[in-house]
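Residue-level listing of the chains:
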Amino acid sequence: MIVSCAPFRVSFAGGGSDIAAFYRKRRGAVLSCAIAKYSFIVLHPSFSATKYHLKYARAELVDRLDEIQHPILREALRMHGIDPGIEIVSIADIPRGTGLGSSSSFSVALVNALYAHRGIRVPKERLAQDACVLEIDRLGEPIGKQDQYAAACGGMNLIAFEPHGAVTVEPLRLAPATLAALEGNLMLFFTGSQRDARPFLAHQVAAIESDEAVVSRMQKMVDLAYEMRDLLLADDLDAFGLALHRGWELKRGISAQISTSLIDELYGRALAAGALGGKLAGAGGGGFLLLYCPKPAQARVRGALDALQCVELRFDWEGARIAFSQ
């Protein structure tokens with residue numbers, strides 16, 4: 001039996017610049033952190049040596065790869081040449097469609113489990129690369145590359161995307177006191193809605209390809225990712241929180257689909273209660289609301305958003321890993 005896990009992520013700035021439509025025009029960059037919420041893959045030899053037994057939101061028991069309905073599972077098994085006689089179970093700490101990179105965390109955990117099943121250990125960057133090939137190249141998903149690298153590498157990173165397709169990961173080496181204060185000042189609220197990010201991302205790709213004003217706005221978001229990195233390195237956390245607000249204002253201006261009247265109302269309540277900044281995690285439309293809020297104001301913010309579920313946010317520093325193997 002193999003148990004593989006990969007963390008979800010929270011992106012602070014630069015989201016969308018990891019999409020090929022942008023980074024082929026200009027260098028992209030995202031500032032993000034992995035969080036201690038995980039996608040788990042449990043892999044075990046199946047009792048039936050002639051079947052693929054797959055369990056996620058539904059269950060599949062099939063004879064051939066082509067019969068598998070789950071696209072990521074099907075193509076990952078095909079990439080690794082896995083024969084029938086295997087059982088795979090997927091479990092996650094947080095539901096899909098909530099803006100925390102769940103599909104890529106799933107992909108990274110799955111790829112790592114399949115390598116472990118074959119007795120192969122690969123670097124974390126290879127896990128991220130393979131997950132990108134799986135989701136973007138083989139399945140044609142209109143997504144970027146940040147989630148796969150965040151899930152594979154863990155920690156807090158500035159991830160850069162070069163026009164020729166290369167990805168570089170710059171870990172942030174912050175003082176323990178800075179990390180503890182930042183972690184304590186970040187709040188994560190579930191807005192109650194889940195959504196498929198693909199329509200939002202497809203719309204964003206079309207806007208990047210057709211509207212130079214959108215490209216210019218996204219360049220400002222990339223510049224902000226570097227600025228926010230420098231603020232963290234300088235231990236200027238409240239300025240980081242204010243910059244998070246500026247980034248949300250930039251992101252909202254890309255498309256009317258990114259926010260909703262309800263999200264705007266919730267965010268406004270949080271600011272009025274003492275949060276310095278925040279953003280909607282992921283592509284937009286719903287999911288989790290991330291806030292930077294100094295501790296003295298957090299009780300007021302919780303009261304202002306009392307209808308929402310507050311989820312504890314802790315950083316993950318290990319990235320993708322095999323949690324158990326026997």
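Now for a description of the structure that goes with this document. The structure displayed is predicted, hence computed values, not measured ones.

**As for the overall build of the protein chain**
The secondary structure content of the protein chain amounts to 11 helices and 12 strands. When the backbone C-alpha atoms are referred to their principal axes, the protein chain occupies close to 60 × 45 × 35 Å. Burial statistics for the protein chain: of 326 residues in total, 56% are counted as buried. Summed over its atoms, the accessible surface of the protein chain is roughly 13,500 Å², and 51% of this surface lies on carbon and sulfur atoms. One way to put it: in the protein chain the 35 positive side-chain charges average out to a point 1 Å from where the 35 negative ones average out.

**Overview of the sheet that holds strand S8 (residues 186-190)**
Strand order in the open sheet formed by 4 strands is S9-S10-S8-S11, and the pairing between neighbours is antiparallel. Edge positions in the sheet fall to strand S9 (277-280) and strand S11 (309-311), since each has one partner strand and no second. Pairs of neighbouring strands in the sheet enclose a mean axial angle of 25°, with direction left out of account. Bridge analysis of S9 against strand S10 (residues 288-292) gives 4 bridges, and the strand direction is antiparallel. From the neighbouring strand, Lys279 faces S10, where its bridge partner is Leu290. Packing of helix H9 (residues 237-252) onto the sheet brings it into contact with S9 and S10, and relative to S9 it is tilted by some 40°.

**Examining the pairing of strand S6 (residues 156-161)**
The buried count for S6 comes to 6 of 6 residues, which makes it a mostly enclosed element. Here S6 shows no split at all, with Met156, Leu158 and Ala160 on one side and Asn157, Ile159 and Phe161 on the other all buried. Two strands pair when backbone bridges link them, and strand S2 (residues 28-45) and S6 are joined in this way by 6 bridges, in the antiparallel orientation. In the strand pairing of S6, Ser32 is matched with Asn157. Where S6 meets strand S7 (residues 167-171), 5 bridges bridge the pair, whose relative direction is antiparallel. Within the sheet, the bridge partner assigned to Asn157 lies in S7 and is Pro171. With antiparallel pairing between neighbouring strands as the criterion, S6 and S7 make up a hairpin whose turn holds 5 residues, including Gly165 at a positive phi of roughly 105°.

**Focus: the packing of helix H2 (residues 71-80) against helix H3 (residues 102-117)**
The N-to-C vectors of H2 and H3 enclose an angle of 30°; their axes lie 10 Å apart at closest approach. Between H2 and H3, the crossing angle belongs to the class labelled roughly parallel. As for how H2 packs across H3, the hand of that crossing is right-handed. In this structure, H2 contributes Ile72, Leu73, Ala76, Leu77 and His80 to the contact, and H3 contributes Ser103, Phe106, Ser107, Leu110, Val111, Leu114 and Tyr115. Residues that form the contact of H2 with H3 fall into these classes: 9 nonpolar, 3 polar and no charged.

**Structural notes on unusual backbone geometry**
Located in the positive-phi region is Asp235, a residue other than glycine, with phi close to 60°. Take Asp235: it is sitting in the loop between helix H8 (212-233) and H9. Judged by its relative accessible area of 45%, Asp235 is partly exposed.

**With respect to the nonpolar core**
By size, the foremost hydrophobic cluster in this structure holds 68 residues, and its most contacted members are Phe12, Met156, Leu291 and Val301. Leave out the neighbours within four places in its chain, and Met156 touches Phe12, Ser32, Cys33, Glu170, Pro171, Leu172, Leu174, Leu179, Leu182, Leu232, Phe315 and Trp317. Of all hydrophobic cores here, the second largest spans 39 residues; its members include Ile86, Leu110, Val111 and Tyr115.

**Considerations on H9**
Given a rise of 1.5 Å per residue, 16 residues ought to cover 22 Å, and the 23 Å separating the end C-alpha atoms of H9 matches this to within 8%. Within H9 the residues assigned to the buried category are Leu237, Phe240, Gly241, Ala243, Leu244, Gly247, Trp248, Leu250 and Lys251. Mapping the buried residues of H9 onto a view down its axis gives an arc of 165°, with all of them on the same face.

**Points about the side chain of Gln219**
Residue placement: Gln219 occurs in helix H8. Excluding anything up to four places from it in sequence, Gln219 contacts Phe22 and Arg26.

**Concerning the packing of aromatic side chains**
For the structure on display, the rule yields 7 aromatic pairs. Ring centres of Phe240 and Tyr292 lie 6.4 Å apart, and the angle between their planes is 70°; this geometry places the pair in the edge-to-face category. With Phe240 in helix H9 and Tyr292 in strand S10, the pair connects residues that are 52 residues apart, well separated along the chain. For the residue pair Phe240 and Tyr292, the accessibility class agrees, reading buried in each case. Ring geometry for Phe315 and Trp317: centres 5.8 Å apart, planes at 80°, overall edge-to-face. Of the aromatic side chains, those joined through ring pairs into one cluster are Phe12, Phe240 and Tyr292.

**Details of helix H6 (residues 176-185)**
Every buried residue of H6 is accounted for by Thr178, Leu179, Leu182, Glu183, Gly184 and Asn185. Elements that come into contact with the buried residues of H6 comprise S6, S8, H8, H9, S10 and helix H11 (298-304).

**Brief notes about the environment of Ile136**
Assignment of secondary structure puts Ile136 in helix H4 (residues 124-138). Judged by its relative accessible area of 22%, Ile136 falls in the partly exposed class. Note: C-alpha distance between Ile136 and Met218 (82 residues apart in sequence) is 21 Å. In this view, Ile136 contacts Glu141, Ile143, Gly144, Lys145 and Gln148; residues no more than four positions away in its chain are not counted.

What counts as what
Residues numbered from 1 in each chain as written. Predicted model: local features only at pLDDT ≥ 70, side-chain atom pairs only at ≥ 80, totals over all residues. Heavy atoms only, no water. Helix = DSSP H or I, 4+ residues; strand = E, 2+ residues; numbered from the N terminus. Buried < 20%, exposed > 50% of the residue type's maximum accessible area, 1.4 Å probe, protein only. Areas by Shrake-Rupley, 256 points an atom, 1.4 Å probe, with all protein chains shown as cover. Lys, Arg positive; Asp, Glu negative; His and termini not counted. Charge placed at Lys NZ, Arg CZ, Asp CG, Glu CD. Pairing = 2+ DSSP bridges. Axes fitted to C-alpha atoms, helices over the stretch in contact; angles between N-to-C directions. Contact = heavy atoms within 4.5 Å. Parallel < 35°, antiparallel > 145°, perpendicular 65-115°, else oblique. Left-handed = near helix turned anticlockwise from the far one by under 90°. Nonpolar A, V, L, I, M, F, W, Y, C, P; charged D, E, K, R; others polar. Core = buried A, V, L, I, M, F, W, Y, C linked by side-chain atoms within 4.5 Å. Expected span 1.5 Å × (residues − 1). Arc of directions from axis to C-beta. Phe/Tyr/Trp six-rings, centres within 6.5 Å; stacked < 30°, edge-to-face > 60°.

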